[in-house]
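# Results of the structural survey
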Amino acid sequence: MRQFDQSKIAPDGHWVRMSPSIFFDTASHYFMSAHRRALPQGQKLLTVPTPLDKEIIVNPTFRALKRRGEHLVHALLLWYEYGAKNRVPQAAKSMFTPPNERRQDSAFTTMYSDDLKTILQGLRSGKIDPVSAADQIEVLETRLDEKLITRRPIPSTLPSHKNVYLGVLALAVLGSRPTAVTLSDANIMDMEVPVESTDEVVISKRRLISALRELDLLAGGEAASVEDIIALLWDEARLDNNSLKEGNTSTDVESSSSIDNDCIELGLLKLSMFGVSMNQPSWFSKFCVPCRQPKPEYDEDSWVTTCKLKRAKGELQRHDPKTCLLCQGVVSP
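### Points about helix α8 (residues 205-214)
Side chains that are three or four residues apart share a direction in an α-helix, a result of its 3.6 residues per turn. Among the residues of α8, Lys-205, Leu-208, Ile-209, Ala-211, Leu-212 and Arg-213 are the ones counted as buried. Measuring from the backbone nitrogen of Arg-207 back to the side-chain oxygen at the start of α8 gives 3.2 Å, which picks out Ser-204 as the cap. Two residues or fewer past α8, Asp-216 is found with a positive phi of approximately 60°.

The following block contains the structure:
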């Protein structure tokens, strides 16, 4: 119920920033839970557990994870577009299975009234046959998955420092194992040992792709799949690792990534993906010093500085009230 009080949640979690389907799925889930709690004594039903694919929609914590994944996918596509275009072979096939298209069945189905009226008018007039009508009705629910108010970056610009930070943070959150606070805790609980620099955080490729798949962020119509772009990023980061070792023997970048092809340090991924030099002050220092917002230093030879794109943080909202199915009834034609 707290989710419906917008004054108690973060600005990026407001309903207007999400698709209508998320709101209606959450509302129906709340109604069904309230219905089960209101049953007569002795007939009450459990409201838990909830399937994981439903939790990803109705749970605000999972929605926050999905937003982090969206930041990362956007950063990966931008890096591929300007820094590694056509580097993925055309005949390359991903080593990972494609995501399963799944939609949790619900007691309620929500759709736009105008879409349904259009199909009914076509049936009554004989313009469409029953089979075509059934196919169109089947996809009506998916129309609510489209966001009504979207944001697009200003053309010919790179992401802002904040977006670079969010991309690096998403890599750490989705791709690394939980880390213990102290060395003794790590030994007792068999967890990752805490590191002195965030550049040394180990990121797992399989863990990252599995997380993106569960968040349903791998589906798309790009020429190169996100999995192949991630695999290419891992290869590029290892080339940077070899270059660093050849150019400066005193820099210790060795870790388990040289043994296990699945894991690599966050600093190497940051260097390849954003062109941000390693061994800088911690990107996560804002957690300790809230007023501090460190600006990264970019490598002069990276794609970030050689592609000659402008770096800007401005965004434009894209929304047409005359075509929006929620707004068209209150604006003049």
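Back to the text.
### Topic: the confidence of the model for the protein
Across the protein, the average pLDDT comes to 77, with 74% of residues at 70 or higher. Below pLDDT 50 for its whole length, residues 249-259 participates in 14 contacts with residues either more than four positions away or in separate chains. In this model residues 283-292 is a low-confidence stretch, pLDDT under 50, and it forms 18 contacts with partners more than four residues away in sequence or in other chains.

### Let's talk about the pattern of salt bridges
For side chains bearing opposite charge, pairing can occur when the charged atoms are close. Under the criterion given, the structure shown has 4 salt bridges. Close ionic contact of Arg-143 with Asp-115 constitutes a salt bridge, the shortest N to O distance being 2.9 Å. Pair noted here: Arg-143 is in the loop between α5 (130-138) and β1 (150-153) and Asp-115 is in helix α4 (residues 113-125), with a separation of 28 residues, a long-range link. The class of Arg-143 is partly exposed, set by a relative accessible area of 29%. The closest approach of N and O atoms between Glu-146 and Arg-143, which form a salt bridge, is 3.7 Å. Given the relative accessible area of 45%, Glu-146 is considered partly exposed. By sharing partners, the salt bridges in this structure join Asp-115, Arg-143 and Glu-146 into a single network.

### So, helix α6 (residues 161-175)
The end-to-end C-alpha distance of α6 is 21 Å, a good match for the 21 Å that 15 residues give at a rise of 1.5 Å each. Within α6, 11 of the 15 residues are buried, leaving the element largely enclosed by the surrounding structure. Taken as a whole, α6 has its buried residues at Val-164, Tyr-165, Leu-166, Gly-167, Val-168, Leu-169, Ala-170, Leu-171, Ala-172, Leu-174 and Gly-175. Buried residues along α6 sit against α3 (60-83), β3 (202-204), α8, α10 (266-274) and β5 (310-311).

### Considering the packing of α3 against α10
Across the interface, α3 lies against α10 with an axial gap of 9 Å and an inter-helix angle of 55°. Accordingly, the angle class assigned to the pair α3 and α10 is oblique. On the side of α3, the interface is formed by Leu-72, Ala-75, Leu-76 and Trp-79, while α10 contributes Ser-272, Met-273 and Phe-274. Of the residues in the contact of α3 with α10, the class split is 6 nonpolar, 1 polar and no charged.

Here is what the cut-offs are and how they apply
Residues numbered from 1 in each chain as written. Predicted model: local features only at pLDDT ≥ 70, side-chain atom pairs only at ≥ 80, totals over all residues. Heavy atoms only, no water. Buried < 20%, exposed > 50% of the residue type's maximum accessible area, 1.4 Å probe, protein only. Helix = DSSP H or I, 4+ residues; strand = E, 2+ residues; numbered from the N terminus. Polar contact = N/O pair within 3.5 Å; in protein donor to acceptor, adjacent residues only side chain to side chain. pLDDT = per-residue confidence, 0-100. Contact = heavy atoms within 4.5 Å. Salt bridge = Lys/Arg side-chain N within 4 Å of Asp/Glu carboxyl O. Expected span 1.5 Å × (residues − 1). Axes fitted to C-alpha atoms, helices over the stretch in contact; angles between N-to-C directions. Parallel < 35°, antiparallel > 145°, perpendicular 65-115°, else oblique. Nonpolar A, V, L, I, M, F, W, Y, C, P; charged D, E, K, R; others polar.

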